[in-house]
Amino acid sequence: MVVEELEIGRIERVELRVVGLPLVTPFATAAEARATRDVLLVRVDSEGAIGWGECGAFAQPSYTAETIVTARHVLAAFLAPALTGARIVGDLRAAFTAVRGHPMAKAAMEGAVLDMVGRRHGQPVWRLLGGSPRPMPSGVAIGLQPSAEALLEAVGQAVAEGYRQVKLKVRPGWAAEPVRAVRERFPDLPLWVDANGSFTMADLDTLLALDGLGLRMIEQPLPASDLVGHARLAVQIETPLCLDESVESLGDLEAAAALGAVRVLNLKPGRVGGLLAACQLARHARELGIGVFVGGMLESGLGRAACLHLQTLPAVNLGGDVSVPGRYLQEDLVRSWPALDAEGCLDVPSGPGIGVEVLDEVVTRRTLALEIVGDSCVDPRAHGPALDEGA
Ligand code: MG
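All of these numbers come straight from a predicted model, not from anything done at the bench. (Residues numbered from 1 in each chain as written. Predicted model: local features only at pLDDT ≥ 70, side-chain atom pairs only at ≥ 80, totals over all residues. Heavy atoms only, no water.)

What follows concerns the overall build of the protein. For the protein, the count of helices and strands is 13 helices and 13 strands. Computed over its C-alpha atoms, the radius of gyration of the protein comes to 20 Å, within 12% of the 21 Å expected for a compact globule of 391 residues. By principal-axis analysis of the C-alpha atoms, the protein measures approximately 60 × 40 × 40 Å. Per-residue burial for the protein yields a buried fraction of 59% across its 391 residues. Considering only intrachain contacts with a sequence separation of at least 6, the fraction spanning at least 24 residues in the protein is 72%. Carbon and sulfur atoms form 52% of the exposed surface of the protein, whose accessible area is close to 15,300 Å². Charged side chains in the protein number 35 positive and 48 negative. The centres of these two groups are separated by 1 Å. (Helix = DSSP H or I, 4+ residues; strand = E, 2+ residues; numbered from the N terminus. Rg over C-alpha atoms; globule rule 2.2 N^0.38 Å. Buried < 20%, exposed > 50% of the residue type's maximum accessible area, 1.4 Å probe, protein only. Contact = heavy atoms within 4.5 Å. Areas by Shrake-Rupley, 256 points an atom, 1.4 Å probe, with all protein chains shown as cover. Lys, Arg positive; Asp, Glu negative; His and termini not counted. Charge placed at Lys NZ, Arg CZ, Asp CG, Glu CD.)

So, about the confidence of the model for the protein. The predicted model of the protein has a mean per-residue pLDDT of 92, with 94% of residues at 70 or higher. Taken together, the stretch residues 375-391 has pLDDT below 50 and engages in 27 contacts with residues farther than four places along the chain or on a different chain. (pLDDT = per-residue confidence, 0-100.)

Let's shift gears to helix 12 (residues 301-310). The buried fraction of helix 12 is high, at 10 of 10 residues. Along helix 12, the residues classified as buried are Gly-301, Leu-302, Gly-303, Arg-304, Ala-305, Ala-306, Cys-307, Leu-308, His-309 and Leu-310.

Moving on: the pairing of strand 6 (residues 191-194). Alternating residues of strand 6 divide into Leu-191 and Val-193 and Trp-192 and Asp-194, and every residue in both groups is buried. Both strand 5 (residues 165-169) and strand 6 contribute to a ladder of four bridges, which runs parallel. Within the sheet, the bridge partner assigned to Lys-167 lies in strand 6 and is Trp-192. In the classification by handedness, the crossover that spans strand 5, the intervening helix 6 (residues 176-185) and the parallel strand 6 is right-handed. As paired elements, strand 6 and strand 7 (residues 218-219) share two bridges and run parallel to each other. Within the sheet, the bridge partner assigned to Val-193 lies in strand 7 and is Ile-218. Crossover connection from strand 6 via helix 7 (residues 204-211) to parallel strand 7: handedness right-handed. (Pairing = 2+ DSSP bridges. Right-handed = clockwise from strand over helix to strand, strands pointing away.)

Now for the coordination of the magnesium ion. Under ideal tetrahedral coordination, the four donors around a metal are separated by 109.5 degrees; under ideal octahedral coordination, the six donors are separated by 90 or 180 degrees. Bound to the magnesium ion are the protein donor atoms Asp-194 (OD), Glu-219 (OE) and Asp-244 (OD), situated 2.1 to 2.3 Å from the metal. Sequence positions of the donors to the magnesium ion reduce to the motif D-x24-E-x24-D. Of this pair, Glu-219 sits in strand 7 while Asp-244 sits in the loop between strand 8 (241-243) and helix 9 (250-259); the two residues are 25 residues apart in sequence, bridging distant segments of the chain. For the pair Glu-219 and Asp-244, a shared accessibility class is recorded, and that class is buried. (Donors = N, O, S within 2.8 Å, 3.2 Å for Na, K, Ca; no water.)

With that settled, the discussion passes to the layout of surface pockets. The computed volume of the largest pocket comes to approximately 860 Å³. What lines the largest pocket is a set of 41 residues, among which Phe-27, Ala-141, Ile-142, Gly-143 and Leu-298 lie closest to the centre. Of all the secondary-structure elements, those providing two or more residues to the lining of the largest pocket are strand 1 (11-28), strand 4 (139-142), helix 5 (148-160) and strand 5. Broken down by element, the residue count for the lining of the largest pocket peaks at five residues, all from strand 1. (1 Å grid on protein atoms, 1.4 Å probe; cavity = no way out; pocket = protein on both sides within 12 Å on 5 of 7 lines; lining within 4 Å. Points joined across faces, edges and corners; volume = space filled by probe spheres on them.)

Most of the time, phi is negative for any residue but glycine, and the peptide bond is trans. We note that His-102 has phi near 55°; this positive angle belongs to a residue other than glycine. In this fold, His-102 is placed in the loop between helix 2 (91-97) and helix 3 (103-121). Residue His-102 is classed as partly exposed on the basis of its relative accessible area, which comes to 27%. Positioned with a positive phi, Asn-196 is a non-glycine residue whose angle comes to about 45°. Using a relative accessible area of 23% as the deciding quantity, one classes Asn-196 as partly exposed.

The subject of this paragraph is the nonpolar core. Side chains of a nonpolar character, in soluble globular proteins, are inclined to be buried together. Counting residues in hydrophobic clusters, the biggest one holds 98 residues, and the most contacted among them are Val-14, Val-42, Val-44, Val-89, Met-109 and Leu-267. Here the element with the most residues in this core is helix 3; it accounts for nine residues. When residues of this core are assigned to domains, at least three map to each of domain 1 (3-122 + 358-388) and domain 2 (128-327). Those residues in contact with Val-44 that lie beyond four places of it in its chain are Ile-11, Arg-13, Val-14, Ala-49, Ile-50, Gly-51, Leu-83, Met-109, Ala-112, Val-113 and Met-116. In this structure, Val-140, Leu-191, Val-193 and Ile-218 belong to the second largest nonpolar core, which totals 32 residues. (Core = buried A, V, L, I, M, F, W, Y, C linked by side-chain atoms within 4.5 Å. Domains from an automatic or database assignment.)

Neither face of strand 9 (residues 264-267) is exposed, since Val-264 and Asn-266 on one face and Leu-265 and Leu-267 on the opposite face are all buried. Looking at chain direction, strand 8 and strand 9 are connected through two bridges and run parallel. Residue pairing across strands places Cys-242 opposite Val-264, the latter belonging to strand 9. Crossover handedness for the path strand 8 to helix 9 to strand 9: right-handed. Of the strand pairs in this sheet, strand 9 and strand 10 (residues 291-294) are connected by four bridges, and their pairing is parallel. Residue pairing for strand 10: Asn-266 is matched across the bridge by Phe-293.

Structure below.
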């Protein structure tokens, strides 16, 4: 089965919906702290089948440039109208190429279509992608904490829950000291750090101090555009460098590899324009000898399920930080999300499509804004700024 050749059918309805999901505890990165996770969902209806996709964008342009508002605009004005002309899944690529940038908006639309097509054909998304389920260790990303004690407690809790690897968010002023405390308390725990691009080469001393702590990798220490800086850093430390925000395309990956700036790729379907683009990147990374893991973005269970499907690709050779959404969401949008097994692994959902059931009641109750993209929106000028906020 070649996924690109599967028929999409006639798209009768495209729904864009923003839902607000309260977090268990605020999640802090170098850029911001969040108390809720607002999520943009795409639902497509086609000839009796429906599909759901989730957009990874946050409310603020802190991780990448996209936000929920920009993604919603691009989906309503450009991607949804283009979908009406797509006959098979492969046609999405041309429709997406016509829109520059906005990978998270594209990923949300593609996710909804793949879920719908998978359900119609009775096939799980992992099979459409050419994946092959196997145990993959799950990890936890722990945000910036108010104190070293709080960090040790958070790591201890993750380990007690059965996770076998932990990633710690760091930034200037919160790096070597707290990470050393975790290393001393958990000497054998596979550990890595993620700076979300918050350091510069002026912080070299801090980065060298991290280098001595037995980390699996240092993720995105420098800003996304600073590939040359990453290459210079790579020759000064032994810890492998992992890139996240720096790689949005095959070209980015090629450039980073040519410079020697990357040994591990954190692959997120939203950041690279969808699951199909992520598959391409994963295969190419492995050809280049670059390790690949799938990373999470505080998604609902719907978006996280997509990560689990992607994780089944043979080219994904490392466990990532895709934990159970119940760790950070007070209430999830889906039923039957897999539980962590005794080995600290998560099974991919086995049902058709994305394999998780979206709970309509929760979606309705948590809705902050709802927009139905109709045929009238084929003309992007029909889509003004007055949206149905608060519906
Ligand atoms: Mg990261």
